[in-house]
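Take a look at the letters that make up each chain.
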Amino acid sequence: MPHPRLTGLGCGLFCMAAMILLGFLDDLLLGGALTVYGVLSLPVSALTALWVRGGDLLTAPVVIPIAFAVGLPTVADDGGGGFLGAVMGLVTALSTQAGWLYGGTLIAGVIVIVRRIRLVRASRMNRAVRPRSRA
């Protein structure tokens, strides 16, 4: 499995591009099944949290809900009501799919916390092992 390290911006762009692509595929293949879109957002959330570099860990849980909302219009049903219908479809989809949104954010948050704890422990171990120079 590749171990890319994305910056905060790269993390956001990856997550948004993945959610838009998955939304289009969901709409094309399954007619815009919101539950499928929600389920597919979970691995994207995990990959985003795993692939962000250590210095930008806190960006992963922030970009997950944004990317979820950015990709949602691809599968949200607007009912043919023009702009207001599209807004109503988006608001309805966000409210009915909030569980998937929170789940993805929770997954990213847990992964980020575990990675941060490991980074801090590794940093402390490196400081403890490294001999101090006396000047």
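Residues numbered from 1 in each chain as written. Predicted model: local features only at pLDDT ≥ 70, side-chain atom pairs only at ≥ 80, totals over all residues. Heavy atoms only, no water.

**Things to note about the packing of helix 1 (residues 8–30) against helix 3 (residues 60–71)**
To keep things clear, this is the line we draw: Under this scheme, a helix contributes an axis fitted over its contacting stretch, all axes are lines through C-alpha atoms, and angles between N-to-C directions fall in the 0 to 180 degree range. Numbering goes from the N terminus for both helices and strands, where a helix is a DSSP run of H or I of at least four residues and a strand is a run of E of at least two. Here roughly perpendicular refers to angles of 65 to 115 degrees, roughly parallel to angles under 35, roughly antiparallel to angles over 145, and oblique to all remaining angles. Crossing handedness follows the turn of the near helix against the far one: under a right angle anticlockwise gives a left-handed crossing, and clockwise gives a right-handed one. Throughout, a contact is declared for two residues whenever any of their heavy atoms are within 4.5 Å. Any residue outside Ala, Val, Leu, Ile, Met, Phe, Trp, Tyr, Cys, Pro, Asp, Glu, Lys and Arg is labelled polar, Gly included; the first ten of those are nonpolar and the last four are charged.
It is at 8 Å that the axes of helix 1 and helix 3 come closest, and there the two elements cross at 30°. With respect to helix 3, the axis of helix 1 lies roughly parallel. For the crossing formed where helix 1 meets helix 3, the hand is right-handed. Only Ala60, Val63, Ile64, Ile66, Ala67, Phe68, Val70 and Gly71 of helix 3 make contact with helix 1, whose side of the interface consists of Cys11, Gly12, Cys15, Met16, Met19 and Ile20. In terms of residue class, the contact of helix 1 with helix 3 is built from 12 nonpolar, two polar and no charged.

**Section: a nonpolar patch on the surface**
Quick note on the threshold: Patches were defined on residues exceeding 30% relative accessible area and lacking a salt bridge, with like-charge contacts within 9 Å and nonpolar side-chain contacts (Val, Leu, Ile, Met, Phe, Trp, Tyr) within 5 Å. Note on areas: these come from Shrake-Rupley sampling with a 1.4 Å probe, and a residue is covered only by the protein chains present in the view. One side-chain nitrogen of Lys or Arg within 4 Å of one carboxyl oxygen of Asp or Glu is enough to make a salt bridge. For every residue, the accessible area obtained with a 1.4 Å probe (protein chains only) is divided by the maximum for its type, and the residue is called buried under 20%, exposed over 50%, and partly exposed between those limits.
Together, Leu21, Leu25, Leu28, Leu29 and Leu30 make up an exposed nonpolar region whose accessible area comes to about 550 Å². The residue Leu28 is located in helix 1 in this model. Judged by relative accessible area, Leu28 falls into the exposed class, the value being 68%.

**Quick notes on the packing of aromatic side chains**
The condition that has to hold: In summary, the pairing rule links any two rings of Phe, Tyr or Trp, Trp by its six-membered ring, whose centres are within 6.5 Å, and it sorts them by plane angle into stacked for under 30 degrees, edge-to-face for over 60 and tilted for everything else.
One pass over the structure, following the stated rule, counts two aromatic pairs. With 5.1 Å between their ring centres and 55° between their planes, Tyr37 and Phe68 make a pair best called tilted. Placement of the pair is Tyr37 in helix 2 (residues 34–51) and Phe68 in helix 3, with a sequence separation of 31 residues. Given a relative accessible area of 0%, Tyr37 falls into the buried group. Using a relative accessible area of 2% as the deciding quantity, one classes Phe68 as buried.

**Describing a positive patch on the surface**
We apply this condition: We score Asp and Glu as negative and Lys and Arg as positive, and we do not count His or the chain ends. Every charge is mapped onto a representative atom, which is NZ of Lys, CZ of Arg, CG of Asp or CD of Glu.
A cluster of like positive charges, contributed by Arg121, Arg124, Arg127 and Arg130, occupies part of the molecular surface. Within the secondary structure layout, Arg127 lies in helix 5 (residues 98–129). When its relative accessible area of 53% is taken as the criterion, Arg127 is described as exposed.

**Some points on the side chain of Ser41**
Note on placement: Ser41 falls in helix 2. Look at Ser41 and you get buried, because its relative accessible area is 2%. The residues contacting Ser41, other than those within four sequence positions of it, are Met19, Phe68 and Trp100.

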